[in-house]
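Chain by chain, the residues:
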Amino acid sequence: MASLGQDVPETKPILEINPTHPLVEKLKTKVDENLVNVLFDQAVLSEGGQLKDPAEFVKRMNKLIN
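Points about the overall build of the chain
Okay, so step 1: A count of helical and extended segments in the chain gives three helices and zero strands.
Okay, so step 2: Reading the secondary structure of the chain in the N-to-C direction produces α-α-α.
Okay, so step 3: For a compact globule of 66 residues, the expected C-alpha radius of gyration is about 11 Å, and the chain comes in at 16 Å, more than 25% above that figure.
Okay, so step 4: Along the first, second and third principal axes, the C-alpha atoms of the chain reach 50 × 30 × 15 Å.
Okay, so step 5: By the burial criterion, 15% of the 66 residues in the chain qualify as buried.
Okay, so step 6: Within the chain, residue pairs in contact and separated by at least 24 positions form 24% of the contacts whose partners lie at least 6 positions apart.
Okay, so step 7: Total accessible area computed for the chain in this model is approximately 5,900 Å², and 56% of it derives from carbon and sulfur atoms.
Okay, so step 8: One way to put it: in the chain the 8 positive side-chain charges average out to a point 9 Å from where the 10 negative ones average out.

With respect to the side chain of Asn34
Okay, so step 1: With respect to the helices, strands and loops of the structure, Asn34 is situated in helix H2 (residues 33-46).
Okay, so step 2: Taking relative accessible area as the criterion, Asn34 reaches 13% and is therefore assigned buried.

Some words on a nonpolar patch on the surface
Okay, so step 1: Together, Leu15, Ile17 and Phe40 make up an exposed nonpolar region whose accessible area comes to about 330 Å².
Okay, so step 2: Inspection of the secondary structure assignment puts Phe40 in helix H2.
Okay, so step 3: Classification of Phe40 by relative accessible area gives partly exposed; the value is 47%.

Some remarks on the pattern of salt bridges
Okay, so step 1: Scanning the entire structure with this criterion turns up three salt bridges.
Okay, so step 2: Notably, a salt bridge pairs Asp41 with Arg60, separated by 2.3 Å at the nearest N-O pair. Residue Asp41 is found in helix H2, and its partner Arg60 is found in helix H3 (residues 54-65); the two are separated by 19 residues along the sequence.
Okay, so step 3: Overall, the relative accessible area of 14% leaves Arg60 in the buried class.

Brief notes about the confidence of the model for the chain
Okay, so step 1: Overall, the predicted model of the chain reaches an average pLDDT of 89, with 97% of residues at or above 70.
Okay, so step 2: Within the chain, the element-level pLDDT minimum falls on helix H1 (residues 22-29), averaging 90, and the maximum on H3, averaging 94.

Reading guide: rules and limits
Residues numbered from 1 in each chain as written. Predicted model: local features only at pLDDT ≥ 70, side-chain atom pairs only at ≥ 80, totals over all residues. Heavy atoms only, no water. Helix = DSSP H or I, 4+ residues; strand = E, 2+ residues; numbered from the N terminus. Rg over C-alpha atoms; globule rule 2.2 N^0.38 Å. Buried < 20%, exposed > 50% of the residue type's maximum accessible area, 1.4 Å probe, protein only. Contact = heavy atoms within 4.5 Å. Areas by Shrake-Rupley, 256 points an atom, 1.4 Å probe, with all protein chains shown as cover. Lys, Arg positive; Asp, Glu negative; His and termini not counted. Charge placed at Lys NZ, Arg CZ, Asp CG, Glu CD. Patch = residues over 30% accessible without salt bridge, like charges linked within 9 Å, V, L, I, M, F, W, Y side chains within 5 Å. Salt bridge = Lys/Arg side-chain N within 4 Å of Asp/Glu carboxyl O. pLDDT = per-residue confidence, 0-100.

What follows is the structure, encoded as structure tokens:
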């Protein structure tokens, strides 16, 4: 649309959560900020986005694995 000189409406990403996924179920009983951040970063990556701090993502992933 922009190449045709038309206004392009602003779009906002939508985060869809599967409430029955085991990781989401785990968050219902105990909030783990590290896990929340990893899940959000994975959503950003899966939609083709880029992380602001990839090293921090790796650090959080390693913490979850250990």
